[in-house]
Amino acid sequence: MDLRITHTTTYAYDQPVSYALQRLHLRPQSNVMQTVLDWSLEVEGGVVELTCDDHHGNIMDLVNTTRGATELKVTASGTVRTQDKAGVMGKVYGAAPLWHFTQQTRLTEPSKAIRALARPLKTSDNPLRDLHGTSAAILNAVPYATGQTYTETTADEALAGGAGVCQDHAHIMIAAARAAGMPARYVSGYLLLDDRIDQDASHAWAEVHLPTLGWVGFDVSNGISPDMRYVRIAIGRDARDAAPIQGVRMGPGDESLIVTLQVQQ
Amino acid sequence: MNTKPEHFDEMRVGDDAVRSPYDSYKRWFDEQPAGRFARKSKEAEAFFRRTGITFNVYGQVAAQERLIPFDLVPRIISGREWNKLSRGIEQRVRAINAFLHDIYNRQEILKAGRVPVDLIARNEAFLPQMMGFSPPGNIYTHIVGTDIVRTGEDDFFVLEDNARTPSGVSYMLENRETMLQMFPELFSRIKVQPVSDYPKNLRRSLAATAPQSCNGKPVIAVLTPGIYNSAYYEHSFLADQMGAELVEGHDLRVVDGHIAMRTTRGYKQIDVIYRRIDDEYLDPLTFNPKSMLGVPGIMDVYRAGNITIANAPGTGVADDKAIYSYMPDIVEFYTGEKAILKNVETHRCGEADSLKYVLDNLADLVVKEVHGSGGYGMLVGPAASKKELADFADKLRARPGNYIAQPTLSLSTVPIFVKKGLAPRHVDLRPYVLVSPEGINITPGGLTRVALTEGSLVVNSSQGGGTKDTWVLED
Amino acid sequence: MLGKTAGGLFWMFRFLERAENTARLVEAGFRIALTRSQDSSSEWESVVTTAGVCDHYRKKHNDFTAANVIDYLLRDKDNASSVYSVIKSARDNARLVRTALTVEVWTAVNDNWMTMQELLKRPIKETDLPRVLDVIRSQSALVRGALHGTMLRNDIYDFARIGTFIERADNVARIIDVKYYTLLPSTSFVGSSLDNVQWETILRSVSAHRAFRWLDEEDMTASSVARFLILDPRLPRSLVFSMKTTVENLNYLAEEYGERHACHDHADQMLKNLRERDIKSIFDEGLHEFITGFIHDNNALGLLIERDYKFYN
């Protein structure tokens, strides 16, 4: 399936920017699940200072906002050909060893409730089936709802709050898998929706490593493993590692963020 | 506490014989008129204070600048002793760099089971952001200050590897300068190997690790947390001596994919940064977002191959006190040779058997925090009161993995000048090592720290220790 | 050179200059208080006003006694412009720019700071004041001597000089402004002892009382004193001298860097404004207005230099 994506992020600043840097994870790479046919990154109100790999093998771009700018607009767009691998990324490894993905982070630090979710996984004779079970249990406990959580919400807080978005679902899934001793990681990317082209935000899901299959994806929010409607952009131990954009800004003032995203066939 | 009488004295053998490295010095000393030393002592202090060679003490008012007491009697090492020492240090430093490259890339030593994965995985100094990246020349620790103690004629132990940001080298240089000013005639009588090339060598060594993208003469800068940092004097001294700019985080920006400093004529690219700020504060975009000291984006610029950071971020994983206990294995794994320098026997309190042993023998041991430095959070068993021992035992039980324990070493003594003349005090030694693709350079000498209180084994400047000039003889 | 270093040098020398000027102000005030029998509090008040710290002073003290004013101006740590505070700031800036200083300059500043710590440890007795002021002045002279004797004549030196002369021009202009009414020909009683004392004080605060007499070109009149302080190119603390030196050093920078900035044009214009005037036209314009305008332009010049040479982000 060929997916055409246009992802625009616009920062509006209420005061001219003196100095701001944004680190982008906005370049998909070809792998067993997808082939990037064409891709481009455009920046208005800033320049790309450099492009390099990060420690998870993602491509990152460092963007410097033009001094005095009041708006920064980053547009990533292109076409990616996908295949359905039933969510199995397989035994593909980068520089980071598996033990790295067994380590919890501040955002995935497990609570009692998360440990309870992990319990069946610990003694499982069919981890693939039971991970799907965990995924369903998470969605049941934390129905999809926007506006209830924010980017810094931890897995524990989202689970306790009983509502969240794909980021929270992925974090809880990762936290539970790790609590059961399984390497797990966060994947950010895009998803083609059946009913619309325009979306408010990019997507995220979890991958868990099984000795038999290697890395397998679980999209808790949709209750499935990723198929040909999914495009992956970046991985990490949590959302902070794989965030499409993160930045620092010096000086006073406020900023607002608008994301527009189109994913279509 | 009183030291055992059998400790090794580097000057005296028995009651009146003098060890050969001290021969000439002792003869000279005995010729000096009474009162000259006391006078020179005062002169030296005034010299240090005027020059502003001070350090700030943590936990005290920011403005508090203190002098580290300087003792006028040099610590003397023969050329032969030094050669053995420096071979051992060089071997160890090579192994440390190889270890760091391995740990951040293929992790063969973990796969081989020679170092437990947990030791790295749970190590706060391990920076995942360094994985899958090779710094220029595969050098991680460009500047090392290996702490060495001596317990006998041929017994040198490494106490700490100080691979991240060793300090004190300015004292090595100023101490020699002071001695040259105070006693010029001594240096014509006794041939001492010079230390004054250190800044030139440092500059050369840093320049040699410039990234490939650098064309022309590399621009070097020293990154300091600022004038209130305890080691600011040293930062400005080194920058000055190297002819490098002394910069703070707010002088720097990312410009054209490089790190650049704000000059009166606009931004100017930096190729090599000798940073004297800790990893955590280095890059608010990557590490602690609240850091005001760092340079946002420097890690990206680093990974893109556009700057060399010395020492490399994440180097601390090699000089951790828990890793220390594996150093003999590490040296053997990467060099294929037995370690030339000995390691002090180390009990890892995280291991149940060791913890039991340590608790049973606390009064005889020195216990240190795995990540601590500067003598803080440490227990010297033989010097501690019953209550201190009991309190520390509680801390140990609460967080055993946070501590290691070592036997109390009977550190060698060297003479210092006191009212009555010469008196022995315990010392350690920190030689300074430079690593570049051109090779390893160890300045002959180093910083001798001395516990000024009779019998004390704590040599840290923050805890009342002093320093001495360290002579390596041309023999 | 780092922009921060340029800024550090500029401020280091502004602070050193300020210390010296404050000491002179105190000396002049002390002198007038000694020589006048009646209440001297208004004199001390004008000293504090001239130092530009009157508002803050009033928060700490209710009256202007010699002891309070001397203490406040020389050793009060809460007063950012006290001699103690500015020498500390000068030394902090020197630490910041240490790599740009010769050992001699650094040692002189460090010595100065160590001396002040000792000298200003305890309240100063009036009998001891002359000695204390003398030490302050001679310490400043030692730093200046080290600067002139050991520093390369490059951008480092230029920023040091520019800081010195912008501060000096500001201080002298404020001295004139606080006393401007005594310098107005219309309101002064020529030859009256009151005016003589006032003029003498002004001249003393810029160490120019002997110079003025030596020049012996004119009688001491309001306009001759004003002309001397504003327009005499021979007096190293006159406004025109300060401006001329600032312009010179700015020009050296432009030459060295091969680039002129807004600050250059601004400074040139200020110098022109002084050179093309005589004292009569200044009185015609209004001395107060003229001096207020100068202080404003001088501040603006400092800000332009700061921007053009990138002292800060």
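The model shown is predicted, which means the values in this text are computed figures rather than measured ones. (Residues numbered from 1 in each chain as written. Chains lettered and ligands numbered in written order. Predicted model: local features only at pLDDT ≥ 70, side-chain atom pairs only at ≥ 80, totals over all residues. Heavy atoms only, no water.)

With respect to the overall build of chain A
Here is step 1 of the chain: Of regular secondary structure, chain A possesses five helices and 14 strands.
Here is step 2 of the chain: Against the compact-globule benchmark of 18 Å for 265 residues, chain A has a radius of gyration of 18 Å, which places it among compact chains.
Here is step 3 of the chain: With the C-alpha coordinates aligned to their principal axes, the bounding extent of chain A is approximately 60 × 40 × 40 Å.
Here is step 4 of the chain: The buried share of chain A, reckoned over its 265 residues, is 54%.
Here is step 5 of the chain: Residue pairs at least 24 apart in sequence account for 75% of intrachain contacts in chain A once pairs closer than 6 positions are excluded.
Here is step 6 of the chain: Working note: accessible area of chain A is about 11,000 Å², and carbon and sulfur atoms make up 50% of it.
Here is step 7 of the chain: Taken as two groups, the 22 positive and 29 negative side-chain charges of chain A have centres that lie 7 Å from each other. (Helix = DSSP H or I, 4+ residues; strand = E, 2+ residues; numbered from the N terminus. Rg over C-alpha atoms; globule rule 2.2 N^0.38 Å. Buried < 20%, exposed > 50% of the residue type's maximum accessible area, 1.4 Å probe, protein only. Contact = heavy atoms within 4.5 Å. Areas by Shrake-Rupley, 256 points an atom, 1.4 Å probe, with all protein chains shown as cover. Lys, Arg positive; Asp, Glu negative; His and termini not counted. Charge placed at Lys NZ, Arg CZ, Asp CG, Glu CD.)

Brief notes about the domain arrangement of chain B
Residue and element names in this part refer to chain B.
Here is step 1 of the chain: Here the domain parsing of chain B yields domain 1 (12-211 + 307-344 + 409-472) and domain 2 (347-407).
Here is step 2 of the chain: In this structure, domain 1 and domain 2 have C-alpha centres spaced 25 Å apart.
Here is step 3 of the chain: Taken over both partners, the interface formed by domain 1 and domain 2 buries close to 1,300 Å², and the fraction arising from carbon and sulfur atoms is 51%.
Here is step 4 of the chain: Taken together, the connections running from domain 1 to domain 2 amount to zero salt bridges.
Here is step 5 of the chain: At the level of elements, strand S8 (155-160) and helix H12 (321-324) are the ones that each hand at least two residues to the side of domain 1 that touches domain 2.
Here is step 6 of the chain: Ranked by residue count, the leading element in the side of domain 1 that touches domain 2 is H12, at three residues.
Here is step 7 of the chain: A per-class count over the side of domain 1 that touches domain 2 returns eight nonpolar, five polar and four charged. (Domains from an automatic or database assignment. Buried area = accessible area lost by both parts, 1.4 Å probe. Salt bridge = Lys/Arg side-chain N within 4 Å of Asp/Glu carboxyl O. Nonpolar A, V, L, I, M, F, W, Y, C, P; charged D, E, K, R; others polar.)

Some details on the sheet that holds strand S6 (residues 143-145) of chain B
Residue and element names in this part refer to chain B.
Here is step 1 of the chain: One open sheet accounts for three strands, arranged S6-S23-S24; its pairing is antiparallel. The open sheet has two free edges, formed respectively by S6 and strand S24 (439-442), since each of these has just one partner strand. Put simply, the sheet's adjacent strands are angled 20 degrees from each other on average, direction ignored.
Here is step 2 of the chain: Relative to S24, strand S23 (residues 432-436) is paired through four bridges, and the arrangement is antiparallel. Each bridged residue has a counterpart across the sheet, and for Leu434 the counterpart in S24 is Asn441.
Here is step 3 of the chain: Each of S6, S23 and S24 is contacted by helix H8 (residues 198-208), which is oriented at about 30 degrees to S23, the strand it contacts most. (Pairing = 2+ DSSP bridges. Axes fitted to C-alpha atoms, helices over the stretch in contact; angles between N-to-C directions.)

Some points on the sheet that holds strand S13 (residues 245-250) of chain A
Residues and elements named next belong to chain A.
Here is step 1 of the chain: With respect to topology, four strands assemble into an open sheet ordered S4-S5-S2-S13, the strand pairing being antiparallel. The sheet is open, and its two edges are formed by strand S4 (46-53) and S13, each paired on a single side. For this sheet, the mean inter-axis angle between neighbouring strands, taken without regard to orientation, is 20 degrees.
Here is step 2 of the chain: In terms of strand pairing, S4 meets strand S5 (residues 59-65) through seven bridges, oriented antiparallel. By the bridge assignment, Asp53 is partnered in S5 with Ile59.

Details of the packing of aromatic side chains
All names here are of chain B.
Here is step 1 of the chain: In total, this model carries 33 aromatic pairs over all chains according to the counting rule given.
Here is step 2 of the chain: Where Tyr104 meets Phe126, the ring centres are 5.0 Å apart and the plane angle is 15 degrees; that geometry is what we call stacked. In this pair, Tyr104 sits in the loop between helix H3 (79-103) and helix H4 (108-111) while Phe126 sits in the loop between helix H5 (117-121) and S6, placing the two residues 22 residues apart along the sequence.
Here is step 3 of the chain: Its relative accessible area of 5% is what places Phe126 among the buried residues. (Phe/Tyr/Trp six-rings, centres within 6.5 Å; stacked < 30°, edge-to-face > 60°.)

Concerning the side chain of Gln34 of chain A
Residue and element names in this part refer to chain A.
Here is step 1 of the chain: Looking at where Gln34 falls in the secondary structure, it is placed in strand S3 (residues 34-44).
Here is step 2 of the chain: What makes Gln34 buried here is its relative accessible area of 2%.
Here is step 3 of the chain: Within the local environment of Gln34, its side chain forms a polar contact with the backbone nitrogen of Arg232, the two atoms lying 2.9 Å apart.
Here is step 4 of the chain: If near-sequence neighbours (up to four positions away) are discounted, Gln34 is found in contact with Pro28, Gln29, Val80, Arg81, Thr82, Tyr230, Val231 and Arg232. (Polar contact = N/O pair within 3.5 Å; in protein donor to acceptor, adjacent residues only side chain to side chain.)

Side note on the domain arrangement of chain A
Residue and element names in this part refer to chain A.
Here is step 1 of the chain: Looking at chain A, the domain boundaries give domain 1 (2-82 + 244-264) and domain 2 (88-241).
Here is step 2 of the chain: Distance between the C-alpha centres of domain 1 and domain 2: 23 Å.
Here is step 3 of the chain: Each partner contributes residues to the interface: domain 1 has 27 residues there, and domain 2 has 28 residues.
Here is step 4 of the chain: Carbon and sulfur atoms make up 59% of the surface buried where domain 1 meets domain 2, a total of about 2,300 Å² over both sides.
Here is step 5 of the chain: Inspection of the region where domain 1 meets domain 2 yields zero salt bridges.
Here is step 6 of the chain: Between domain 1 and domain 2 we count nine residue pairs in polar contact (both at pLDDT 80 or more) in total.
Here is step 7 of the chain: Tallying contributions element by element places strand S14 (residues 255-264) first for the side of domain 1 that touches domain 2, with six residues.
Here is step 8 of the chain: The residue inventory of the side of domain 1 that touches domain 2, partitioned by class, reads twelve nonpolar, 13 polar and two charged.

Some words on the pairing of strand S5 (residues 70-77) of chain B
All names here are of chain B.
Here is step 1 of the chain: Of all eight residues in S5, eight are buried, a share of seventy percent or more.
Here is step 2 of the chain: For S5 and strand S26 (residues 465-472), the ladder comprises five bridges, and the chain directions are parallel. Looking at S26, one finds that Arg75 is bridged to Thr470.

Overview of the interface of chain B and chain C
Here is step 1 of the chain: Facing the 29 residues of chain B at the interface are 26 residues of chain C.
Here is step 2 of the chain: A buried area of about 2,400 Å², summed over both sides, lies between chain B and chain C, and 45% of it is on carbon and sulfur atoms.
Here is step 3 of the chain: Counting every contact that joins chain B to chain C gives two salt bridges.
Here is step 4 of the chain: It is helix H9 (residues 232-242) of chain B that contributes the most residues to the side of chain B that touches chain C, five residues altogether.
Here is step 5 of the chain: Per-class residue counts for the side of chain B that touches chain C are ten nonpolar, nine polar and ten charged.

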